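Each chain, letter by letter, is given below.
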Amino acid sequence: MEKPKRAQRPHCLVLPHPIQGHINPMLQFSKRLEHKGVKVTLAITQFIFNKTMNGTYSSSISVETISDGYDQGGPEAASGGYEEYLPRFREVGSKTLAGLVVKFGNMGCPVDCIVYDAFLPWGLDVAREFGLVGAVFFTQSCAVDNIYYHVYNGHLKLPLTERTNITVPGLPPLEISDMPSFVSVPQAYPPLLKLVVNQFANVGEADWVLCNTFQKLEEELVDWMAKIWPLRKIGPTIPSMYLDKRLQDDKEYGFSIFKPKTDACMKWLDQRSNGSVVYVSFGSLAQLGVDQMEEIAWGLKNSNYYFLWVVRATEQPKLPKNFMAETVLNGLVVSWCPQLDVLAHRAIGCFVTHSGWNSTLEALSLGVPMVAMPQSTDQTTNAKYVMDVWGMGVRAQCDERGMVRREEVEGCVREVMEGERGKENRRNAMKWGELAIEAVDEGGSSDKNIDEFVAKLVKS
Ligand code: UDX
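Residues numbered from 1 in each chain as written. Predicted model: local features only at pLDDT ≥ 70, side-chain atom pairs only at ≥ 80, totals over all residues. Heavy atoms only, no water.

- In the nomenclature of an unreviewed UniProt entry, the protein is known as Glycosyltransferase of Camellia sinensis.

In structure tokens:
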């Protein structure tokens, strides 16, 4: 099909995988593009649109919907789980995304480029169908992407065993427990292993490979990966208001699938002294066992620090029965919070986190040391880096049943809040925060990469 004539401003259609941890970074990248003169339209599924538009979305970025085939219920409506959901999303999503491209062409505002989540490689097929630029966007760390790539190319043979010598270019020596869960336990959820490995099926054909990291954070890795793909680091995708402060309109930092209880927790934090509060959150997806919740609850209580704990509404029944009554003086449990405002608050002393990539980048950018308690997916590898590569925190150890006991929670919190190691973690966290600002600030490595991307779009 002939490429339509484009409007003055280049126009990017940005396609995230429809979960909070992928929408947030792609929305923030969109804001950076808009700031540099690109028109951006975020294409989200109808299901996510229904959930968020009734909620808290407010941003300069326009939004349009596509369909994943499950407009009413989203992935959970697929009776066959992700095995059923992903092919249907590919089929219906490709058609509805193509429909959007046509619609914009007819409106005189043609699309020039599709920036698609690496989890949705069919975005490139749609781009090619219309002769558009195709840019794949990796939301997770380069370390994790590189591991998945080495599974894809057969260098890492699964299942890994105790005898496997895990060597991946650019990565430190890794134990099985440091590997992403889809790789360390490949039998646990085959459709998701397939999803992360398939990211690389057509990556070599993409015009751009964009990664949510920055040069100094994963130097050796990005240099290695840049030898095989047109890789550009554009992160960290933290709202400008928390980093370089160059974007004016950045009041709202993301789509919240959950509703934040802003006032309650910020007022509560205002009453605490500097560095006195432990912030605890396991992100938007992790589901902890009842026993694990209990261990965390009593570990926090026993540490004697103030804590602010995000427990999503669906997880709250797992809290110990008398917990809130007992902790009312030193703890606050909320179902969701404005995490960046919380991490930026002077009262926060450390972050007990599942080590999702966004949470990791956010803590790192805001100089908050961490207690890593990875649950699944990429979080284990992120936790390894937090502790052993970036020196920004400790990783809580599991017992033989895979549980982090209350003594371990308490001990790790104390170590980061008051120990010598905690002081070093905080110093390192501050250093990484400064390097993150340097990367996105004017003329920084990520900023220049975005400039280059935009300049090529303008010329194309
Ligand atoms: C998922 C995966 O679990 C994660 O490992 C992967 O790297 C990205 O996709 P999620 O589990 O939600 O993401 O974790 P994370 O990546 O940390 O993203 C959570 C986002 O929600 C963060 O941007 C965080 O700021 C935000 N959040 C979380 C809030 O705004 N409020 C909260 O109360 C909790």
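Still more to cover.
1. Observations regarding the overall build of the protein
- Helices and strands together make up the secondary structure of the protein, namely 17 helices and 13 strands.
- Scaling as 2.2 N^0.38, a compact globule of 460 residues should have a C-alpha radius of gyration of about 23 Å, and the protein matches this with 22 Å.
- In terms of its C-alpha atoms, the protein occupies a principal-axis envelope of roughly 65 × 50 × 45 Å.
- For the protein, the proportion of its 460 residues judged to be buried stands at 61%. (Helix = DSSP H or I, 4+ residues; strand = E, 2+ residues; numbered from the N terminus. Rg over C-alpha atoms; globule rule 2.2 N^0.38 Å. Buried < 20%, exposed > 50% of the residue type's maximum accessible area, 1.4 Å probe, protein only.)

2. Things to note about the pattern of salt bridges
- Scanning all chains against the criterion turns up 25 salt bridges.
- Measuring nitrogen to oxygen at the nearest pair gives 4.0 Å for the salt bridge that ties Asp 178 to Lys 384. Placement of the pair is Asp 178 in the loop between helix H5 (142-152) and helix H6 (181-184) and Lys 384 in helix H14 (residues 379-389), with a sequence separation of 206 residues.
- According to the relative accessible area criterion, Asp 178 is buried, its value standing at 5%.
- Here Arg 232 makes a salt bridge to Glu 452, at a shortest N to O gap of 2.9 Å. Of the two residues, Arg 232 sits in strand E7 (residues 231-233) while Glu 452 sits in helix H17 (residues 445-459), which places them 220 residues apart along the sequence.
- One network of salt bridges, in which partners are shared, links Arg 32, Lys 36, Asp 244, Arg 246, Asp 441, Asp 447 and Asp 451. (Salt bridge = Lys/Arg side-chain N within 4 Å of Asp/Glu carboxyl O.)

3. Considering the site of the ligand
- In the vicinity of the ligand lie 22 residues, with Ser 284, Cys 337, Ser 359, Glu 362 and Asp 378 positioned nearest.
- At 2.6 Å, a backbone N or O of Cys 337 approaches a nitrogen atom of the ligand.
- Between an oxygen atom of the ligand and a side-chain N or O atom of Asn 358, the distance comes to 2.8 Å.
- Against a free-state accessible area of 660 Å², the protein chains account for coverage of 98% of the ligand.
- Secondary-structure elements contributing two or more residues to the shell around the ligand are helix H1 (20-35) and helix H13 (357-365).
- Residues of the shell around the ligand, tallied by class, amount to 5 nonpolar, 15 polar and 2 charged. (Near = heavy atom within 4 Å. Polar contact = N/O pair within 3.5 Å; in protein donor to acceptor, adjacent residues only side chain to side chain. Areas by Shrake-Rupley, 256 points an atom, 1.4 Å probe, with all protein chains shown as cover. Nonpolar A, V, L, I, M, F, W, Y, C, P; charged D, E, K, R; others polar.)

4. Comments concerning the packing of aromatic side chains
- Within the structure shown, the criterion is met by 22 aromatic pairs.
- Consider the rings of Tyr 82 and Tyr 85, whose centres lie 5.5 Å apart with planes at 35 degrees: the pair is tilted. One end of the pair is Tyr 82 and the other is Tyr 85, both in helix H3 (residues 81-106) and 3 residues apart, which spans about a single turn. We note that Tyr 82, like Tyr 85, is buried.
- Measuring from centroid to centroid gives 6.4 Å for Trp 390 and Trp 432, while their planes differ by 65 degrees, and the two rings are edge-to-face. Of this pair, Trp 390 sits in the loop between H14 and strand E13 (393-395) while Trp 432 sits in helix H16 (residues 420-440), placing them 42 residues apart in sequence.
- Trp 432 gets classed as buried once you look at its relative accessible area, which sits at 8%.
- The ring of Tyr 306 is capped by Arg 272, whose NZ or CZ atom sits 4.4 Å from the centre of that ring. (Phe/Tyr/Trp six-rings, centres within 6.5 Å; stacked < 30°, edge-to-face > 60°. Lys NZ or Arg CZ within 6 Å of the ring centre and 35° of its normal.)

5. A look at the pairing of strand E2 (residues 39-45)
- Across the 7 residues that make up E2, a large majority, 7, are buried.
- A two-sided burial pattern is seen for E2, the buried positions comprising Lys 39, Thr 41, Ala 43 and Thr 45 on one face and Val 40, Leu 42 and Ile 44 on the other.
- Direction of pairing for strand E1 (residues 11-15) relative to E2: parallel, over a ladder of 4 bridges. Residue Cys 12 lies in a different strand from E2, and its bridge partner there is Val 40. (Pairing = 2+ DSSP bridges.)

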